Amino acid sequence: MVNKSIWSLSASTERRETLKGTITTDTAIIGGGLAGVLTAHFLEQAGRNCVILEAARIGSGQTKNTTAKVTSQHGPIYGKLIESVGKEKAGQYAAANQEAIRRYKILVDKYQIDCEWKDCPAYLYTATHTRKIREEYEAVKRLGIPAELTEKTELHCPVKLALKFKDQGRFHPLKFLYKMAEGLQIYENTKVKDVKENVVITDQGEVHAEQIVFACHYPFLNVPGYYFMRMHQERSYVVSVKHADMMEGMYYGIDSDALSYRSAGEVLLVGGGGHRTGKAPTGDPYEYLAHMAESYWPDCVETARWSAQDCMTLDHIPYIGQFSHSRPNWYVATGFGKWGMTSSMVSAMILTDLICKRENPYAEVFSPLRYNVQASAGNFIKDSGHAAAGLLKRAVWIPQEKLEQVHAGEGAVVEHEGHKYGVYKSETGEIYAVSAHCPHLGCQLEWNAHEKSWDCPCHGSRFDYRGRHLDEPAQEDILCRKKEGK
């Protein structure tokens, strides 16, 4: 089955023009996902002119890969937050995400958005760790989130105890996004290549702006900010099935093999199998999810499968606010973990207030300036080098005897003349050879057999088997040479 989200872009969606030449605006926003569009909407409401720059189509990145749970239930996080940052800041995190849910409801009602919004509870469940659930319940109560313990769920899998968050929500993220994007100045198919002071440089032209917002999932500039040293990326997987039970609630398991569930129209979304990008999972995560769904609902039929890429911060709190000490007019929204829906809204709330010079009650806990990166970080970049540069520019081809080691339908790293190449052999025998080193900082790429991609285990960049760039922080393709099969 072809990997494709149920939220895939509609062919009838209005296409936006590309940027041509040089323009000037108050605020340039890099990224046309939910975080970027919501930030632009709030800033326009506050009287500021905004331009959104999107490398592909709006919503074509992580927004279309979400399971679209609008919830402040982010796993067993609140007890850890109280311990690590204190009750006051943990309360800011909780209140911000609760406010995000309320803001979504306000916008859906205000603009009468037909996005399949549904009020529903969210559950944190376990088959074994009841003590952890009870401890999280006590933490949640201290922070004022309406929640209760229960042993009753809609799940077929074993559940000993669950923590129920009330008044959460779910929706169709792209239908919501398209409506919120109406009237905004958006340039699609306009890839940002660099940012210098107050100038955003794209492959189509330049934007001069007083403020610049990085809402592009992963900040692609290494300096300043050093976000590549402050986050890693993870993959997670989803299958949708019909002829399964439709559930009122949304579910997230805390056990190592637990799955997540939510209904979406006539299908049930089953998620799990997450792992660090570049580290091969044990077994096929899609087949595992499909097998588990079939074990509970023998007559179910898989209708779609897809994956997501999540940025994970050091302390599990997103980076939302000023980009770095040295760039007071740059802002960032990244590190959402697996909770991009509420984090996108929280970003729009905080960034709008910061840009408009207003106090925000939640800004402190999310501030990217909470970490001071050592000056030696620059040496790390310099020493890493760009090992991928120029490897395939030479007229080199890998000897046949080494290519025969790669089986049809598989990929592998092959070494030749002191260089490493990523080689993929199609089912019909075509050979695709790319540099085995990420152009970001030179880490060796790993083959992802389940998605036929080359993934970086260091910082999460991804490329398809042809070498085409899929995920940041890398910004360019890895060069590819193709050899036809016999």
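Okay, so let's go over this structure.

1. Notes on the sheet that holds strand β22 (residues 453-455)
Phase 1 of the analysis: With antiparallel pairing, the four strands of this open sheet are ordered in space as β21-β22-β23-β24. The open sheet is flanked by β21 (446-448) and β24 (469-471), the only strands paired with a single partner. On average, each strand axis in the sheet is tilted by 35° relative to the strand beside it, whichever way the strands run.
Phase 2 of the analysis: Alignment of β21 against β22, held across three bridges, turns out to be antiparallel. Residue pairing across strands places Trp447 opposite Trp454, the latter belonging to β22.

2. A word on the state of the cysteines
Phase 1 of the analysis: Evaluation of the coordinates by the stated rule reveals one disulfide.
Phase 2 of the analysis: The side chain of Cys443 participates in a disulfide bridge whose partner is Cys458; the two sulfur atoms lie 2.2 Å from each other. Judged by the torsion about the S-S bond (-105°), the Cys443/Cys458 disulfide is left-handed. Of this pair, Cys443 sits in the loop between β20 (431-435) and β21 while Cys458 sits in the loop between β22 and β23 (462-464), and the two are 15 residues apart along the sequence.
Phase 3 of the analysis: What makes Cys458 partly exposed here is its relative accessible area of 29%.
Phase 4 of the analysis: Here Cys157 stays free of any disulfide, with the sulfur of Cys300 as its closest cysteine sulfur at 14 Å.
Phase 5 of the analysis: Accessibility expressed as a relative area gives 15% for Cys300, which makes it buried.

3. Notes on the packing of aromatic side chains
Given two aromatic rings, one states the distance between the centres and the angle between the planes to describe the pair.
Phase 1 of the analysis: Scanning the model with the defined rule gives 24 aromatic pairs in all.
Phase 2 of the analysis: Note on Tyr227 and Phe323: the rings are 5.1 Å apart at their centroids and 65° apart in plane angle, and the pair reads as edge-to-face. Separated by 96 residues along the polypeptide, Tyr227 in the loop between β10 (205-214) and β11 (231-242) and Phe323 in strand β16 (residues 319-324) bring together distant segments of the chain.
Phase 3 of the analysis: With a relative accessible area of 0%, Tyr227 lands in the buried category.
Phase 4 of the analysis: Here Tyr296 and Trp297 contribute two aromatic rings whose centre-to-centre distance is 5.7 Å and whose plane-to-plane angle is 75°, an arrangement assigned as edge-to-face.
Phase 5 of the analysis: Take Trp297: its relative accessible area is 5%, and that puts it in the buried class.
Phase 6 of the analysis: By way of ring pairs, the aromatic residues Phe214, Phe220, Tyr227, Tyr319, Phe323 and Trp330 are connected into one cluster.
Phase 7 of the analysis: A cation over a ring is seen here: Arg230 above Tyr319, with NZ or CZ 4.6 Å from the ring centre.
Phase 8 of the analysis: Just above the ring of Trp330 sits the side chain of Arg327; from NZ or CZ to the centre is 5.1 Å.

4. With respect to unusual backbone geometry
Phase 1 of the analysis: With omega at -5°, the peptide bond leading from Val223 into Pro224 counts as cis.
Phase 2 of the analysis: Within the secondary structure layout, Pro224 lies in the loop between β10 and β11.
Phase 3 of the analysis: Non-glycine residue Glu116 carries a positive phi angle of around 60°.
Phase 4 of the analysis: Relative to the helices and strands, Glu116 resides in the loop between α3 (87-110) and β4 (118-126).

5. Some thoughts on the nonpolar core
Phase 1 of the analysis: With 79 residues, the main nonpolar core has Leu38, Tyr78, Tyr104, Phe171, Phe176 and Phe366 as its most contacted residues.
Phase 2 of the analysis: Element by element, the count of residues in this core is highest for α3, at nine residues.
Phase 3 of the analysis: With residues near it in sequence (within four places) discarded, Phe171 still touches Trp7, Leu34, Ala68, Val70, Tyr104, Cys115, Glu116, Trp117, Phe176, Arg262 and Met341.
Phase 4 of the analysis: Formed by 28 residues, the second largest nonpolar core is a distinct cluster that contains Val207, Ile212, Leu221 and Tyr226.

6. Focus: helix α6 (residues 285-296)
Phase 1 of the analysis: Taking 1.5 Å per residue as the helical rise, α6 with its 12 residues ought to reach 16 Å, and the 17 Å between its terminal C-alpha atoms agrees with that figure.
Phase 2 of the analysis: Along α6, the residues classified as buried are Pro285, Tyr286, Leu289, Ala290, Met292 and Ala293. Taken around the axis of α6, the buried residues stretch over an arc of 160°, which confines them to a single face.
Phase 3 of the analysis: Contacts from the buried residues of α6 go to β11, β14 (267-276) and β15 (301-313).
Phase 4 of the analysis: Sitting at the head of α6, Asp284 places a side-chain oxygen 2.9 Å from the backbone nitrogen of Tyr286.

Calculation notes
Residues numbered from 1 in each chain as written. Predicted model: local features only at pLDDT ≥ 70, side-chain atom pairs only at ≥ 80, totals over all residues. Heavy atoms only, no water. Pairing = 2+ DSSP bridges. Helix = DSSP H or I, 4+ residues; strand = E, 2+ residues; numbered from the N terminus. Axes fitted to C-alpha atoms, helices over the stretch in contact; angles between N-to-C directions. Disulfide = S-S within 2.5 Å. Buried < 20%, exposed > 50% of the residue type's maximum accessible area, 1.4 Å probe, protein only. Phe/Tyr/Trp six-rings, centres within 6.5 Å; stacked < 30°, edge-to-face > 60°. Lys NZ or Arg CZ within 6 Å of the ring centre and 35° of its normal. Core = buried A, V, L, I, M, F, W, Y, C linked by side-chain atoms within 4.5 Å. Contact = heavy atoms within 4.5 Å. Expected span 1.5 Å × (residues − 1). Arc of directions from axis to C-beta. Polar contact = N/O pair within 3.5 Å; in protein donor to acceptor, adjacent residues only side chain to side chain.

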